[in-house]
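Here is what each chain is made of, one letter per residue.
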Amino acid sequence: MTASVPLQSLPLFVRLAGRPVILLGEGEAADAKRRLLDRAGADVVGEDAPAALAIVAIDDEDDALAAVARLKARGILVNAVDRSALCDFTLPAIVDRAPVLIAIGTSGVSAGLAAALRQRLEALVPADLGKLALALQAARGALRVRWPDMGERRRALATAMGAGGMLDPLSPTHDVDAWLATPDSPPWKGGAGGGLAADARADSQLTYPPPTPPFQGGEQVAIRLASTDPDDLTLRQARALASADRVYHSADVPAAILDRARADAARHCAAMPADPGTGLSVAIEMAL
């Protein structure tokens, strides 16, 4: 199996309101960073102030390198504008649908590409997407009552927010109360707006048998891959992996395929047992 490629950066959302951030430099680049920090509510300070983060937007190469060295010697995480090799963190392009934030980063490789992706997403993402997030927050209690098990709750939400679902984030309207009022329909049967199993009926490479004893409410998916390229995954296969609680796979399944599974899903290089447990279990093998 090919070794998994490590993340170049771990995306984080940091609350900066009222917190000091060092900003060094003058000119257009520094002004742009200051506007961004002001928007986040940060307290922009000078080099000698105590802070955990710093942004260096100094044009002169020698001066910039010296400033970065001084800041890093103090244990401060540094972003050096247009010097990606010196960056401890980078600032992504942002699509803001408060409280939803979509961040696009390229690890400092191409700000232009990140900006182009942001522009495309701005046109795709509804302006009122934040209202859906707030409605789901308000419905947390009702969600826990209806689906006490966290795994079932997550899969119900995934089904509702899938393409064409009642809460599809890219659709123009969302009604959380109406969704909660619909009768229960397990994902393997296909709920309102479809589901993994509904997709599976049209996909010969993805099987989705209904849970039967002794699976104790667990669900199983078997995927036979005809290609080692993750871009060749069908939509149904990708959705199954994205929803999996655990993944069982043969040794020849590429790491690039496994990386498409939920980041916190358990991964086992073994055959799926007869009773893998509750939640969604996915078994992957190569058909080559």
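It should be emphasised that the depicted structure is a prediction, and the values quoted were computed from it without experimental measurement.

## Some points on the overall build of the protein chain
In terms of regular secondary structure, the protein chain is built from 10 helices and 11 strands. The buried share of the protein chain, taken over its 288 residues, is 37%. Counted over contacts in the protein chain with a minimum sequence separation of 6, partners at least 24 positions apart contribute 58%. When the accessible surface of the protein chain is summed, it comes to about 16,100 Å², and 56% of that surface belongs to carbon and sulfur atoms.

## Examining unusual backbone geometry
Where the residue is not glycine, phi is negative for most of them; where a peptide bond is considered, it is trans in most cases. Cis geometry marks the peptide bond from A98 to P99, where omega comes out at 5 degrees. Tracing the sequence through the fold places P99 in the loop between strand 5 (93-97) and strand 6 (100-104). Despite not being glycine, S107 has its phi angle at roughly 55 degrees, a positive value. Take S107: it is sitting in the loop between strand 6 and helix 3 (111-124).

## Notes on the layout of surface pockets
Here the largest pocket is characterised by a volume of approximately 1,400 Å³. What lines the largest pocket is a set of 36 residues, among which L12, F13, V14, L91 and P92 lie closest to the centre. At the level of elements, helix 1 (28-39), strand 3 (53-56), strand 5 and strand 6 are the ones that each hand at least two residues to the lining of the largest pocket. If you tally residues by element for the lining of the largest pocket, the top one is strand 6, at 4 residues. In the lining of the largest pocket, the residues fall into 25 nonpolar, 7 polar and 4 charged. By volume, the second largest pocket is sized at about 670 Å³. Every residue lining the second largest pocket is counted, 27 residues in all, and those nearest its centre are K33, L91, P92, A93 and A111. Elements with a contribution of two residues or more to the lining of the second largest pocket: helix 1, strand 4 (77-80), strand 5 and helix 3.

## What about the environment of D38?
For D38, the location among the structural elements is in helix 1. Linking D38 and G18, residues 20 residues apart in sequence, is a C-alpha distance of 10.0 Å.

## Re helix 2 (residues 61-73)
The end-to-end C-alpha distance of helix 2 is 18 Å, a good match for the 18 Å that 13 residues give at a rise of 1.5 Å each. Of all the positions in helix 2, only A64, A67, V68 and L71 are classed as buried. All buried residues of helix 2 lie within an arc of 100 degrees about the axis, which places them on one face of the element. The exposed residues of helix 2 that point more than 90 degrees off its buried face are D62 and A73. Residues of helix 2 that are buried make contact with strand 1 (20-24), strand 3 and strand 4. Once helix 2 finishes, G75 follows within two positions and takes phi at roughly 80 degrees, a positive value.

## Focus: the packing of aromatic side chains
The tally for this structure, following the rule as stated, stands at 1 aromatic pair. When the ring of W147 is compared with that of W179, the centres are 5.3 Å apart and the planes differ by 25 degrees; the resulting orientation is stacked. Here W147, found in the loop between helix 5 (140-146) and helix 6 (150-160), pairs with W179, found in helix 7 (residues 176-180); they are 32 residues apart in sequence, far enough to count as distant. With respect to class, W147 is no different from W179; both count as buried.

Cut-offs applied
Residues numbered from 1 in each chain as written. Predicted model: local features only at pLDDT ≥ 70, side-chain atom pairs only at ≥ 80, totals over all residues. Heavy atoms only, no water. Helix = DSSP H or I, 4+ residues; strand = E, 2+ residues; numbered from the N terminus. Buried < 20%, exposed > 50% of the residue type's maximum accessible area, 1.4 Å probe, protein only. Contact = heavy atoms within 4.5 Å. Areas by Shrake-Rupley, 256 points an atom, 1.4 Å probe, with all protein chains shown as cover. 1 Å grid on protein atoms, 1.4 Å probe; cavity = no way out; pocket = protein on both sides within 12 Å on 5 of 7 lines; lining within 4 Å. Points joined across faces, edges and corners; volume = space filled by probe spheres on them. Nonpolar A, V, L, I, M, F, W, Y, C, P; charged D, E, K, R; others polar. Expected span 1.5 Å × (residues − 1). Arc of directions from axis to C-beta. Phe/Tyr/Trp six-rings, centres within 6.5 Å; stacked < 30°, edge-to-face > 60°.

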